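Understanding the architecture of this molecule
If you want the building blocks of each chain, they are given just below.
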Amino acid sequence: MKKTVFLGTLAAAGLTAGMAAATTLEDVVARGELNCGVNTGLVGFAAPDANGNWTGFDVAVCKAVAAAVLGDASKVKYVPTTGQTRFTALASGEIDVLARNTTWTFSRDTDLKLDFVGVNYYDGQGFMVRKDLGVTSAKELDGASVCIQTGTTTELNLADYFKANNMSYQPITVDSNAEGEQQYLAGACDAYTTDASGLAATRAAFADPENHVILPEIISKEPLGPAVRHGDNQWGDIVMWTLNALIAAEEYGVTSANVEELSKGTENPEINRLLGVEGELGAMIGLDKDFGKRAIMASGNYGEIFAATIGESTPIGLARGLNAQWTQGGLLYSPPFR
Amino acid sequence: MATASDAPNQGFRLSQLIYDTRYRSLTIQVVVFILVMGGMAWLIDNTVQNLQQLGKDFNFGFLFNRAGYDIGQQLIPYTNDSTHGRAMLVGLLNTLWVSLLGCVAATVLGIVIGVLRLSNNWLVGRLMTVYVEIFRNIPVLLWILVALAFLTEVTPAPAAYRVNAETGEAQASMLLFDNVAITNRYTAVPAAEFTRGLGAIETPLAPISLNFLALAAVVIASIWFNRRLVANANKVQETTGFRPVTWWKSLLILFGPAIALLVALGFHLVPPELKGFNFTGGVNVSNAFVALWLGLTLYTAAFIAEIVRAGILAISKGQTEAAFALGLRPKRTMNLVILPQALRVIVPPLISQYLNLTKNSSLAIAVGYLDLRGTLGGITLNQTGRELEAILLMMLIYLAISLTISGAMNVYNKSVKLKER
Amino acid sequence: MSDTHAQTVAYVRDTMLEPKPAPSTQTGAVKWLRDNLFSSWLNAALTVAGLLVVYLLFTHFFPWFRHSVWNADSLKECRDIITGEFGEGATGACWGVIRERWHQFMFGFYPPELYWRPVLVFVLLFVALAPILFTHLPRALLSFSAIYPLLAIWLLWGGSVWPVVMTGAGFVLGYLALKLLGNVNGIIAGIAAFAVPILFWMFAVGPIDDLLKQIVPISIQSVDSDEFGGFLLAITIGVGGIVMSLPLGIILALGRQSDMFLVKSFSVIFIEFIRGVPLITLLFVASLLLNYFLPPGTSFDIILRVMILVTLFAAAYIAEVIRGGLAALPRGQYEAADALGLDYWKAQRFIILPQALKISIPGIVSTFIGMFKDTTLVVFVGLFDPLKGIPDFIRSVFEWKGIYWEPFIFVGAIFFILNFSMSRYSMYLERKLKRDHR
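Residues numbered from 1 in each chain as written. Chains lettered and ligands numbered in written order. Predicted model: local features only at pLDDT ≥ 70, side-chain atom pairs only at ≥ 80, totals over all residues.

**Describing the overall build of chain C**
Counted only if it meets this: The helix count covers DSSP runs of H or I at least four residues long, the strand count covers runs of E at least two residues long, and both are numbered beginning at the N terminus. We compute the radius of gyration over the C-alpha atoms and compare it with the globule rule, which gives 2.2 Å times the number of residues raised to the power 0.38. Exposure classification rests on a simple neighbour count of other C-beta atoms within 10 Å of a residue's own: a residue reaching 20 or more is buried, one at 12 or fewer is exposed, and one in between is partly exposed. C-beta atoms are placed from the backbone. For every residue pair, C-beta atoms are placed from the backbone, and the pair is scored as a contact if these atoms sit within 7 Å.
When its secondary structure is counted, chain C shows 16 helices and two strands. Whereas a compact globule of 438 residues would reach a radius of gyration of roughly 22 Å, chain C reaches 30 Å, over 25% beyond that. Across its three principal axes, chain C shows a C-alpha extent of roughly 105 × 80 × 45 Å. Classification of the 438 residues of chain C by burial places 35% in the buried group. Within chain C, contacts between residues separated by at least 24 positions form 69% of all contacts whose residues are at least 6 apart in sequence.

Below is the structure:
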């Protein structure tokens, strides 16, 4: 693929006219690889380890989709995107799925021509301050310097929040989470604001997490979820139902450990349909019937992924909170597989 | 004498388009024109198709929508209720502002370093060589990042300036008689204020301070009167051979009215004061700005130093000696003989360094300083998803700035061109 | 005077006096000091100021360097070692990060077992450059320089050898077309030289390539562009950009010198447009807009897109450098070429360009230095450059959070060494070329 493209460019590629616009699914299958847009480095969500292998909560979504579509969770090419480049990368076809803690908003869904296929993390914007500042509420931040990542929805929320509460602030814009951390730790800003999950992840990485508090105010709703290009509904369905399979799997107690066994057939028809023992759900979205099983085997069900990447046993230590199953008082709710 | 006769006129043949040098250039130009236009049409056609496929249009209407974000440094009034267009303008002014200050500082530093490098002081010469080589061989991005890291890691937080109630001392103290505080988020400097100010004229673009206008008018008038005075003195000297003493008159004319005006307007400096989280009262110059400015200045100064050195070395020693032989004093030699020649060598590359500095100011992205790229090509692009419009507009604006600067250079070059006779 | 006998004059000294030693202020170190450091009050003040600066720099940085720690696996461990060895409050450099991660600074995420490939490419680069830079080497080496770019592409990206060979074959076909048809008709030959390779690449390559892959499957492990990073990425983009921009730059320079109004205008517009905008906006074009300009559905990886834009960027600057070279040639060279009856292209090929390019080499080298420094900007489109991308990535793990100065110094030092030696070389070349002309 790459080589032909290379030659193509040398021969003034475009003259040969573009490839016929196939569906995303066909593209991915032909390529044998899923291009997945991820964060350039946010520990817990998507970050390369010392050897350049990507791990994290968002990465697990990429792996599940690759497993569902291609049958191999390792057939993913991770494309690091910045807040700047992520939407264009998706729109231009450079990536097939954007799994980069992206907030689902009206204008992004409509004006930017994205399709959000679901929510994999319910988040909200919060503030982190040093304990010795003596601040206990965001309402006391009048006049403070606030570090904020540029190109995100947090920027707009911050402006709205301070305005609504009739307070002033000095924005200190930073380009990436790494830079925000640097500035905050050095004391260049009184408060650091981003999604609460990001704050927890950032604080977990500090040498002295106990000296920093995350203020109780959550000033916005930030439903984070994977997005696909608008217009290719089949592909959108594939990603959506892969995500739903992970969520449903947790609800029904299907884990990476017992999936093999359960796929031999169970009493529960819902599990049977999810794992492809019964019915032909996969065919309806252009995949085979085992897609759900493979997605779960990639890195486990939603609960397992959460626990392994950002859960309470990891340094990031996020509680399930809103992201618990609906049966446990959370918001995770997969539509039925039938 | 052989008679030259024209080739027999055979009428126009098609092959002449290729073989006849009279027509060939025309043919080539037509072909090139068709190719270029075809290429452009191809690009535009692709763009139209792509936009159609994405369901987008090409429309600058977003510039009139509410921006919704805040900008740390603004030279003209701006709130998050202003439009994207105004945010762009704020960014553009920020770009120009940091470029202007960078050019000024880099020129001063560059001249000092360039001259010191030529000094016959061994140690200083070597040190300056080391400076020049180190700064120009390492990417400017590194210098900007180093400046930022230095400012955030090494300087104290504003809280360090707070007087500890128990010990009665603060960890850090302000500079210049409690007027300047360098902190890890900004440098707080005094603000200029007028107690009996004249107010300002509100314009849609920005309020124009009448105080400033009045001051500018007075200064320009003073300079004009001073020139009259000097011209008059020259005339007296030429007719009588005796030059009247002018220096104190000059000083009086140059500074007297301006100072009088400032006093009349009640000019005073308001030093910054630590209140709550931050310094207030003065002006807080953000570290992003200082880091960018410092990085650009240090880097560009190394290049300017080389230009200045080359310019001075280019003037042969014979010129100085000839001027001395004519009885010119050193100062006049410098003003009348050396500088005009050296400047002709120095100014064109100097201006192209200004151009580079202005273009490099787009590295503001690395420190989060909201310049043109940060507003129009950054947040606005992101919030509206109009990358085609935003980037094309941004490139056009940068192009306009560059063309203006190089236009100024051409005018200068024409004015100092050697008049060949 | 010859018959004047010295000994007959009594009061003339007949033996030489021993020379007195020069006054102590005029010899040795003292004289040197007086001349070079304290020749005037101003100079003395400067010297003292200079010494002060050196002293301050030394006292600030030396302890930090002296307390260097190499054997540590995290910043915390480093700090513990430094505190343990040099007491509370001591600061020191933690080079452990370089020891542990130097390969990422150099190669990014390139597979470690394949490091020999980029290294080999880098070494061969000098072999390929040698015949161009040193004219006394055998000319046969030039043919290696010609195939080097393709060899480098193959070694860096890997995969089957045939696509690369086919690309080269296209060039050879174009050359053959030019040679064979050149005797018949210059213009047809020129057109054929362009058309034959393009037709070949468009229609013939696919089937031949597939066939050859089946018959003689020579291939090495392929490496994706997104695994490139660090200095490998910077050098690939820098060298690739310059090499690809040379032909375009030469054409633009000739276009700008041309008498033909349209050709000249287009060249000027292109050059001034590219030179008038910051590289970073062009990189954004590469990452955000290029896909708009190409036919719907085409998409290729970001490194290639960046290289296309960097090539255009470099071409504008190279064009200006070569234009300088063309302008520096004495008018007589052009007139002599005309007098010999050479047509435009022959004159350019045999007389003008060889000389103009030669005197442009220093300028090309400085353009390259500038470009090489600018390759660090690719971090802003999500690539892992050695200056910000790789250190940011290293800092994202717990162990190395908060390490700033060591990566800056390490990367800065490498940039300095490379750029400084190149600029020295270019200065040497400039002096040599100056002599040649006198």
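Now that the structure has been shown, we can carry on.
**Notes on the interface of chain A and chain B**
As a reminder of what qualifies: Polar here means any residue outside two lists: the nonpolar Ala, Val, Leu, Ile, Met, Phe, Trp, Tyr, Cys and Pro, and the charged Asp, Glu, Lys and Arg; Gly therefore counts as polar.
On the chain B side, the residues contacting the 31 residues of chain A number 27 residues. Elements supplying a minimum of two residues to the side of chain A that touches chain B: helix H4 (86-91), strand S9 (144-149), helix H6 (153-164), strand S10 (169-174) and helix H7 (177-185) of chain A. Examining the composition of the side of chain A that touches chain B, we find that five residues originate from one element, S10 of chain A, more than from any other. Each residue belonging to the side of chain A that touches chain B can be placed in one class, and the counts come to twelve nonpolar, 13 polar and six charged.

**Some points on helix H12 (residues 387-416) of chain B**
Here is the rule: What a helix should span is 1.5 Å times the count of its residues minus one.
The end-to-end C-alpha separation of H12 of chain B is 43 Å, in line with the 44 Å expected for 30 residues at 1.5 Å each. Listed as buried for H12 of chain B are Glu 387, Leu 388, Glu 389, Ala 390, Ile 391, Met 394, Met 395, Ile 397, Tyr 398, Ile 401 and Ser 402 of chain B. Buried positions along H12 of chain B lie against H4 of chain A, helix H3 (84-118), helix H10 (330-360) and helix H11 (372-384) of chain B together with helix H10 (261-276) and helix H11 (279-293) of chain C.

**A short note on the interface of chain B and chain C**
Often, the extent of an interface is quoted as the loss of accessible area on bringing the components together. The partner chain C presents 44 residues to the 47 residues of chain B that form the contact. Broken down by secondary-structure element, the contributors of at least two residues to the side of chain B that touches chain C are helix H2 (21-54), helix H4 (122-136), helix H5 (140-154), H11 and H12 of chain B. For the side of chain B that touches chain C, the leading source of residues is H2 of chain B, giving twelve residues.

**Brief notes about unusual backbone geometry**
Note: most residues except glycine have negative phi, and most peptide bonds are trans. Even without a glycine there, the phi angle at Asn 166 of chain A is positive, about 60°. Looking at the element boundaries, Asn 166 of chain A is found in the loop between H6 and S10.

**Overview of the sheet that holds strand S12 (residues 212-214) of chain A**
Consider a sheet: its strands pair through backbone hydrogen bonds, and that pairing is either parallel or antiparallel. Residues and elements named next belong to chain A. Using the following cut-off: Between any two strands, pairing holds if DSSP finds at least two bridges. Axis definition: a line fitted to C-alpha atoms, limited for helices to the stretch in contact. Angles are taken between N-to-C directions and run from 0 to 180 degrees.
Ordered in space as S10-S9-S11-S8-S12, the five strands form an open sheet in which the pairing is mixed. Since the sheet does not close on itself, it has two edges, and those belong to S10 and S12, each with one partner. Taken pair by pair, the neighbouring strands of this sheet meet at an average axis angle of 30°, ignoring direction. Pairing analysis gives six bridges linking S9 to S10, with the strands arranged parallel.

**What to know about the confidence of the model for chain B**
Rule in force here: For every residue, the predictor assigns a confidence score, pLDDT, that lies between 0 and 100.
A residue-level look at chain B finds 94% of positions with pLDDT of 70 or above and a mean pLDDT of 84. Averaged over each element, pLDDT in chain B is lowest for helix H1 (residues 16-19) of chain B (69) and highest for H3 of chain B (92).

**Some words on the sheet that holds strand S9 (residues 283-286) of chain B**
Residues and elements named next belong to chain B. In space, the three strands of this open sheet follow the order S1-S2-S9, with antiparallel pairing throughout. Each having just a single partner strand, strand S1 (181-182) and S9 make up the two edges of the open sheet. Examined bridge by bridge, S1 and strand S2 (residues 186-189) share two bridges and lie antiparallel to one another. Bridge assignment links Ala 181 to a residue of S2, and that residue is Ala 188.

**Considering the nonpolar core**
Test applied: What we call a nonpolar core is a set of buried Ala, Val, Leu, Ile, Met, Phe, Trp, Tyr and Cys residues whose membership is set by joining through C-beta atoms within 7 Å.
Judged by nonpolar contacts, the single largest core of 255 residues is most densely connected at Cys 62 of chain A, Ile 144 and Leu 292 of chain B together with Leu 283 and Val 306 of chain C. Among all residues touching Leu 283 of chain C, those that are not within four sequence positions of it are Val 306, Leu 309, Leu 377, Val 378, Phe 380 and Val 381 of chain C. Of all hydrophobic cores here, the second largest spans seven residues; its members include Ala 181, Ala 188, Leu 274 and Phe 279 of chain B.

**Quick notes on the environment of Lys 77 of chain A**
One can find Lys 77 of chain A in strand S4 (residues 76-81). When neighbours within four sequence positions are excluded, Lys 77 of chain A is seen to be in contact with Glu 33 and Asn 35 of chain A together with Asp 224 and Asp 226 of chain C.

**Here we look at the packing of H3 of chain B against H10 of chain B**
Residues and elements named next belong to chain B. Rules: Oblique is the label for any angle not under 35 degrees, not over 145, and not in the 65 to 115 range, which are roughly parallel, roughly antiparallel and roughly perpendicular in turn. Here a crossing is called left-handed whenever its near helix is offset anticlockwise from the far helix by less than a right angle, and right-handed whenever the offset is clockwise.
Between H3 and H10, the least distance of the axes is 9 Å, while the angle of their chain directions is 135°. In terms of orientation, H3 and H10 fall into the oblique class. Classified by chirality, the crossing of H10 by H3 is right-handed. Where H3 abuts H10, its residues Ser 99, Gly 102, Cys 103 and Ala 106 lie against Tyr 354, Leu 357 and Thr 358. Here the residues of the contact of H3 with H10 are counted per class, giving four nonpolar, three polar and no charged.

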